[in-house]
Amino acid sequence: MAKKQDSFYFDNFVACAEESCRAAQMLKDSFENFDPEKVKNQLDEIHKVEHSADLKKHAMLDRLVKEFLPPIERNDIVSLSQNIDNVTDEVEEVLLRVYMNNVKEIEPNALKMTDIVIQCCEAMKDLLVEFRNFKKSRTLKDLIIRINDLEEKSDRLFVESIRGLFTEPNDLYRIIAWKDIYEYLEHCADACEHVADVVESVVMSNS
């Protein structure tokens, strides 16, 4: 195989993951310095990142249509590119829910879950950097395990957060708004784990 040809796909996987990391950091910045009056503009900015990720994904798929011998199975490239793109989409959806639900202040657990989302995205990026060496890598498995562990941590915090909504003194509006937002934060961690699952599947089928 031509190494330069192969590099296009692996570089693109990493570039798309970097967009997910950018979006997650923007979400955290919005939450840490929360101003309800700025959310619409912040949503426009995070959408630009999501659009940039889409363009990278489409460029890869356009290239794949013309490719004679891709470095891994075509279906794996399609699945991996779509799952990486889903991560950025889910991060954008969190801020969209904050805007649509007209949130006035950020819950403490939302900040904690956002920190986990950032860790998941960074771990996903590290995984995809290493993925190009998947046949010889000694660290790929550890990176997959790290993402799985972070997703489990997110699950536990999600359960705690939802329980808190129904056990602490609050109003119905807060319950509806934040149950929705917490679910989308959890989707972000799930999406990163799905990327790790695809990578693991590729490794297993080529071992």
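Cut-off values and rules
Residues numbered from 1 in each chain as written. Predicted model: local features only at pLDDT ≥ 70, side-chain atom pairs only at ≥ 80, totals over all residues. Heavy atoms only, no water. Helix = DSSP H or I, 4+ residues; strand = E, 2+ residues; numbered from the N terminus. Expected span 1.5 Å × (residues − 1). Core = buried A, V, L, I, M, F, W, Y, C linked by side-chain atoms within 4.5 Å. Buried < 20%, exposed > 50% of the residue type's maximum accessible area, 1.4 Å probe, protein only. Contact = heavy atoms within 4.5 Å. Phe/Tyr/Trp six-rings, centres within 6.5 Å; stacked < 30°, edge-to-face > 60°. Axes fitted to C-alpha atoms, helices over the stretch in contact; angles between N-to-C directions. Parallel < 35°, antiparallel > 145°, perpendicular 65-115°, else oblique. Left-handed = near helix turned anticlockwise from the far one by under 90°. Salt bridge = Lys/Arg side-chain N within 4 Å of Asp/Glu carboxyl O. Disulfide = S-S within 2.5 Å.

Peer 1: Account for helix H3 (residues 74-100), with residues named and values stated.
Peer 2: Think of an α-helix as 3.6 residues a turn; residues three or four steps apart then line up on the same face. Helix length check: H3, at 27 residues, gives a terminal C-alpha distance of 38 Å against a target of 39 Å (1.5 Å per residue), a fit within 8%. Of the residues one or two after H3, asparagine 102 is the one with positive phi, at around 55°.

Peer 1: Residues and numbers for the nonpolar core, please.
Peer 2: With 67 residues, the main nonpolar core has Phe13 and Leu128 as its most contacted residues. Where this core is concerned, the elements lending two or more residues are helix H1 (3-32), helix H2 (39-66), H3, helix H4 (108-131), helix H5 (140-167) and helix H6 (172-205). With 16 residues, the single largest contributor to this core is H6. Apart from residues lying up to four places away in sequence, leucine 128 is in contact with Phe13, Val14, Ala17, Leu80, Ile84, Val195 and Val199.

Peer 1: Give me the lowdown on the packing of aromatic side chains, citing residues and values where you can.
Peer 2: Summed over the entire model, instances satisfying the criterion amount to 6 aromatic pairs. Ring centres of phenylalanine 131 and phenylalanine 134 lie 5.3 Å apart, and the angle between their planes is 25°; this geometry places the pair in the stacked category. These aromatic residues form a ring-pair network of at least three members: Phe10, Phe13, Phe131 and Phe134.

Peer 1: Hey, could you go over the packing of H2 against H3 for me, with residue numbers and the actual values?
Peer 2: Running from N to C, H2 and H3 point in directions that differ by 170°, and their axes come no closer than 10 Å. As summarised for this structure, H2 and H3 are arranged roughly antiparallel, according to the angle between their axes.

Peer 1: Tell me about the packing of H4 against H5, and please be specific about residues and values.
Peer 2: Across the interface, H4 lies against H5 with an axial gap of 9 Å and an inter-helix angle of 165°. On the basis of the axis angle, H4 is roughly antiparallel to H5. The two elements H4 and H5 meet at a crossing, and its hand is left-handed.

Peer 1: Residues and numbers for the pattern of salt bridges, please.
Peer 2: All chains considered together, the criterion is met by 15 salt bridges. Taking the shortest distance from any N to any O, the salt bridge between arginine 97 and aspartate 180 comes out at 3.7 Å. One end of the pair, arginine 97, is in helix H3; the other, aspartate 180, is in helix H6, and 83 residues separate them in sequence. Under the relative-accessibility criterion, arginine 97 is labelled buried at 15%. A salt bridge links arginine 174 to glutamate 168; the shortest N-O distance between them is 3.5 Å. Look at the salt bridges and you will find they share partners, linking Glu19, Arg22 and Lys56 into a network.

Peer 1: Before we move on, could you go through unusual backbone geometry and cite the residues and values that matter?
Peer 2: The phi angle at asparagine 102 is positive, at roughly 55°, despite the residue not being glycine. Mapped onto the elements, asparagine 102 comes out in the loop between H3 and H4.

Peer 1: Talk me through the environment of alanine 110; I want residue IDs and the actual numbers.
Peer 2: Turning to its location among the elements, alanine 110 is positioned in helix H4. Taking relative accessible area as the criterion, alanine 110 reaches 0% and is therefore assigned buried. Taking C-alpha positions, alanine 110 is 12 Å from valine 159, a pair spaced 49 residues apart along the chain. With residues near it in sequence (within four places) discarded, alanine 110 still touches Phe31, Trp178, Tyr182 and Leu185.

Peer 1: I'd like to hear about the side chain of serine 81, residue by residue, with values.
Peer 2: With respect to the helices, strands and loops of the structure, serine 81 is situated in helix H3. We classify serine 81 as buried; its relative accessible area is 1%. If we ignore the near neighbours within four places in the chain, the residues touching serine 81 are Phe13, Lys57, Met60 and Leu61.

Peer 1: So, the state of the cysteines: which residues are in play, and what are the values?
Peer 2: Counted according to the given criterion, the structure contains 0 disulfides. No disulfide involves cysteine 120; its sulfur sits 4.9 Å from the nearest other cysteine sulfur, which is in cysteine 192. With no disulfide of its own, cysteine 121 lies 4.1 Å from the sulfur of cysteine 192, the closest cysteine sulfur. Taking relative accessible area as the criterion, cysteine 121 reaches 0% and is therefore assigned buried.

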